Amino acid sequence: VQLQAYGGGLVQAGGSLRLSCAASGRTFSSYGMGWFRQAPGKEREFVAAITPSGGMTTYTDSVKGRFTISRDNAKNTVYLQMNSLKPEDTAVYYCVARRSYSGRSYSQPNEYDYWGQGTQVTVSS
């Protein structure tokens, strides 16, 4: 599967952005999806994940209550709505996909099979 993320940009602190990730292939609805981010000089960090049906979501603590992950299986697209953005949210955001899903949360980079190219999010103070 190929993943194409878009929607990043420059926004002031307190603002909002919505990232989208379009996936190729016919089996999107069977994939667990997620978002990671990587800031300059830092390790790649888990942000959010969603089960194939969309029935369960998980978030890293620093974005809970501000970010929302969702998906539209009819459009082969996963979204990340980001509100109340902070300068520390500045990073390249990556869309990821996992072929198999057993009902638990997956938050490690090596647990995902496919990665998109990343989209830059910059939050100014």
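Parameters and conventions
- Residues numbered from 1 in each chain as written.
- Predicted model: local features only at pLDDT ≥ 70, side-chain atom pairs only at ≥ 80, totals over all residues.
- Heavy atoms only, no water.
- Helix = DSSP H or I, 4+ residues; strand = E, 2+ residues; numbered from the N terminus.
- Rg over C-alpha atoms; globule rule 2.2 N^0.38 Å.
- Phe/Tyr/Trp six-rings, centres within 6.5 Å; stacked < 30°, edge-to-face > 60°.
- Disulfide = S-S within 2.5 Å.

**Regarding the overall build of the protein**
- Along the backbone of the protein there are zero helices and 11 strands.
- Starting at the N terminus and walking to the C terminus, you meet the elements of the protein as β-β-β-β-β-β-β-β-β-β-β.
- For 125 residues, the compact-globule estimate of 2.2 N^0.38 gives 14 Å, and the C-alpha radius of gyration of the protein, at 13 Å, lies within 12% of that figure.
- Counting only C-alpha atoms and orienting by the principal axes, one finds that the protein spans roughly 40 × 25 × 25 Å.

**Notes on the packing of aromatic side chains**
- Scanning the model with the defined rule gives six aromatic pairs in all.
- Seen from their ring centres, Y31 and Y114 are 6.0 Å apart, and the 5° between their planes marks the pair as stacked. Of the two residues, Y31 is situated in the loop between β3 (17-23) and β4 (32-38) and Y114 in strand β10 (residues 114-115); the sequence distance between them amounts to 83 residues.
- Members of the aromatic cluster, each reached through a chain of ring pairs, are F36, F46, Y94, Y112 and W115.

**Structural notes on the state of the cysteines**
- For the structure on display, the rule yields one disulfide.
- In this model, C21 is linked to C95 through a disulfide, with the two sulfur atoms separated by 2.1 Å. On the sign convention where negative is left-handed, the bridge of C21 and C95, at about -80° about the S-S bond, is left-handed. Taken as a pair, C21 in strand β3 and C95 in strand β9 (residues 91-98) lie far apart in primary sequence, 74 residues in all.

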